[in-house]
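Close look at the chain arrangement
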Amino acid sequence: MKRHHPGLSWPRADPDERTACHFCDAVQPAPRLREGEVARCGNCDEVLYQNRPRSLSRATGFALAAVVFTILAHSFPFLTMQAASERTELGLVAAAEALFADGDPLLALLSVLFTIVAPTLLTAGLLYLVMPLIYGRALPGATAIARLIQRSEPWSMLEVFLLGFIVSLLKLGHLAEIEFHIGLWALVALVVCLAGAMGGIDRRELWDRLEIARMSGPDTKPEPAAE
Amino acid sequence: MSGVTPGAFAADRGLASCHCCGKLSPVELGRCPRCATPLHLRKPHSLTRTWALLVAAAVFYIPAMSLPVMRISGIGGGEESTILSGVVTFWQTGSYPVAIIIFTASVLIPILKVIALVWLCLAASGRASGSSRSLALTYHITELVGRWSMVDVFVVAILACLVQLGSVMTITPGPAALSFAAVVILTMFSAMSFDPRLLWDQRRNVRIPTH
Ligand SMILES: [Zn+2]
Ligand SMILES: [Zn+2]
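So, a few notes on the structure that sits alongside this text. (Residues numbered from 1 in each chain as written. Chains lettered and ligands numbered in written order. Predicted model: local features only at pLDDT ≥ 70, side-chain atom pairs only at ≥ 80, totals over all residues. Heavy atoms only, no water.)

Describing helix H1 (residues 46–66) of chain B
Keep this limit in mind: Here a helix means four or more residues in a row that DSSP labels H or I, a strand means two or more in a row labelled E, and each is numbered from the N terminus. Multiply 1.5 Å by the residue count of a helix minus one, and that product is the helix's expected span. Pairs of residues are marked as contacts when any of their non-hydrogen atoms sit within 4.5 Å.
Look at H1(B): 31 Å from first C-alpha to last across 21 residues, which is about the 30 Å you get at 1.5 Å a residue. At its buried positions, H1(B) is contacted by helix H2 (83–92), helix H3 (96–124), helix H6 (175–193) and helix H7 (197–204) of chain B.

Side note on the packing of H3(B) against H6(B)
Residues and elements named next belong to chain B. Put simply, the rule is: Helix axes are fitted to C-alpha atoms over the stretch in contact, other axes to C-alpha atoms as well, and angles between N-to-C directions run from 0 to 180 degrees. Note on terminology: angles under 35 degrees are roughly parallel, angles over 145 are roughly antiparallel, angles of 65 to 115 are roughly perpendicular, and the others are oblique. Rotating anticlockwise by less than a right angle from the far helix to the near helix defines a left-handed crossing, while the corresponding clockwise rotation defines a right-handed one. Following the grouping adopted for this structure description, the nonpolar residues are Ala, Val, Leu, Ile, Met, Phe, Trp, Tyr, Cys and Pro, the charged ones are Asp, Glu, Lys and Arg, and the polar ones are all others, Gly among them.
Look at H3 against H6: their axes get within 11 Å of each other, and the N-to-C directions meet at 30 degrees. With respect to their mutual orientation, H3 and H6 come out roughly parallel. In this structure, the crossing between H3 and H6 has a hand that is left-handed. Contacts between H3 and H6 involve Ala 105, Ser 106, Pro 110, Lys 113, Val 114 and Leu 117 from the first element and Phe 180, Val 183, Thr 187, Met 188, Ser 190 and Ala 191 from the second. Here the contact of H3 with H6 is composed, by residue class, of 8 nonpolar, 3 polar and 1 charged.

Regarding H6(B)
Rules: For the exposure calls, accessible area comes from a 1.4 Å probe over protein chains only, and a residue counts as buried if that area is under 20% of its type's maximum, exposed if over 50%, partly exposed in between.
Between its terminal C-alpha atoms H6(B) stretches 28 Å, which fits the 27 Å expected from 19 residues at 1.5 Å a residue. In terms of residue burial, H6(B) counts as a mostly covered element, since 15 of its 19 residues are buried.

Observations regarding the coordination of the zinc ion (ligand 1)
Residues and elements named next belong to chain A. Put simply, the rule is: Only nitrogen, oxygen and sulfur atoms qualify as donors, provided they sit within 2.8 Å of the metal or within 3.2 Å for Na, K and Ca; with water excluded from the atoms, sites may seem incomplete. In these descriptions, tetrahedral denotes four donors with every angle between 85 and 135 degrees, square planar four donors and octahedral six donors with opposite donors over 155 degrees apart and the rest between 65 and 115, and irregular any other case.
Within the protein, the atoms that donate to the zinc ion (ligand 1) are Cys 21 (SG), Cys 24 (SG), Cys 41 (SG) and Cys 44 (SG), at distances of 2.3 Å. If you look at the zinc ion (ligand 1), its 4 donor atoms make angles of 104 to 113 degrees with each other, and the shape they trace is tetrahedral. Donor residues binding the zinc ion (ligand 1) come from one chain and are separated in sequence as C-x2-C-x16-C-x2-C. Here Cys 21, found in the loop between strand S1 (18–20) and strand S2 (27–29), pairs with Cys 41, found in the loop between strand S3 (38–40) and strand S4 (47–50); they are 20 residues apart in sequence, far enough to count as distant. An identical accessibility class is assigned to Cys 21 and Cys 41; each is buried.

Brief notes about the interface of chain A and chain B
The criterion, for reference: Using a 1.4 Å probe, buried area is obtained as the accessible area two parts lose upon being combined, added over both of them. Each reported salt bridge corresponds to a side-chain nitrogen of Lys or Arg within 4 Å of a carboxyl oxygen of Asp or Glu.
Across the boundary between the two partners, chain A contributes 61 residues, which contact 61 residues of chain B. A buried area of about 5,400 Å², summed over both sides, lies between chain A and chain B, and 70% of it is on carbon and sulfur atoms. When residues of chain A are sorted by the area they lose upon contact with chain B, Phe23(A), Asp25(A) and Lys171(A) head the list and together hold 13% of the total. Taken together, the links from chain A to chain B amount to 7 salt bridges. In this structure, the salt-bridge partner of Glu211(A) is Lys23(B), at a minimum N-O distance of 3.4 Å. Those elements that place two or more of their residues in the side of chain A that touches chain B are S1, strand S5 (79–83), strand S6 (86–90), helix H2 (92–101), helix H3 (105–134), helix H4 (142–152), helix H5 (158–172) and helix H7 (203–215) of chain A. Ranked by residues supplied to the side of chain A that touches chain B, first place goes to H5(A) with 11 residues. Each residue belonging to the side of chain A that touches chain B can be placed in one class, and the counts come to 32 nonpolar, 12 polar and 17 charged.

Put into structure tokens, the structure is as follows:
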């Protein structure tokens, strides 16, 4: 078991597993890797999969931090602007609300999907999936959640929002008195944590672990590389 | 291409790697035994879908560029700005970083992305050529960079949220904002429906049914 081989921490249901390169379709053996190693396609040199060090605890840590920062980013405004005796506040919800109020409900909906729904789904989904996997467990619906995470990943655009924020600031700079708040730093931290959480674990590793957790059932100890 | 013998490709053996979890299974199973995603040797109708979404994106690009992306109303009357006029204004007022960011994200990236996908589609159907390395690089850049085009839509949302100064100055989104979001979303879907394995099928001169 993995305790005797600390480097080979990636369990696999079928030890003779083969894989096909997603880029060129060449079939090749898919050996378990030591932590930090990367498997590349023998035909086209694409990355096939990689074993990131302490992947589960890293993903869990980042996802937990992301929960805290999500709450903070939604509880405090990013900035307040004071101009012409009017005061306005910016937040993720406020930005979508402004689009809605200005008669663009579809754009408001997209904004909510890209900056609120997708990042929150990623964070919550990762926690629900990865934290139990540390103990070799899979909670009910874990497969559906794993698929959902993969689907929503490209649509989580907080980092793009952040760039838009910087551009807007450069645009407004001379117009008004601007004050930054905790919400903004929480947003920056959230972007970092989401990137860390998603980058911390390999897609195939996640599915291999999930497969084993489901095979071993809720009340039995996981048996990696069962034979 | 060293080290790969004929028949070393999954599709030749009737094996499909799952689009979702990557597991290799016989395509006759219909669904992936691990994650229940439908199995296909290649993404279904990959080229047709990629082309159709590209054309749709190109169509939406016209209103996105020609209509106003935001309206600025204030004491001095109203003013409308398109994406391009915004870039020009920034350049003239000396805000070079903003001008460059908006020009790159809103003009350069969408156009280059469409050109890149057209090239990939042509290469996959044998009507254009390219080294496997440059095609692979193009594919990865196309996948990574597309979402950043959404930055202008967020700028409009942020400005509309912040600049609500009653009679002094108010910014509201214009019709181009939604068209532009459509361009970004359509090109993202287009890149997702492209199957890079078709490039290798073309190279090997085999045709795998894509339904
Ligand atoms: Zn390959
Ligand atoms: Zn699968």
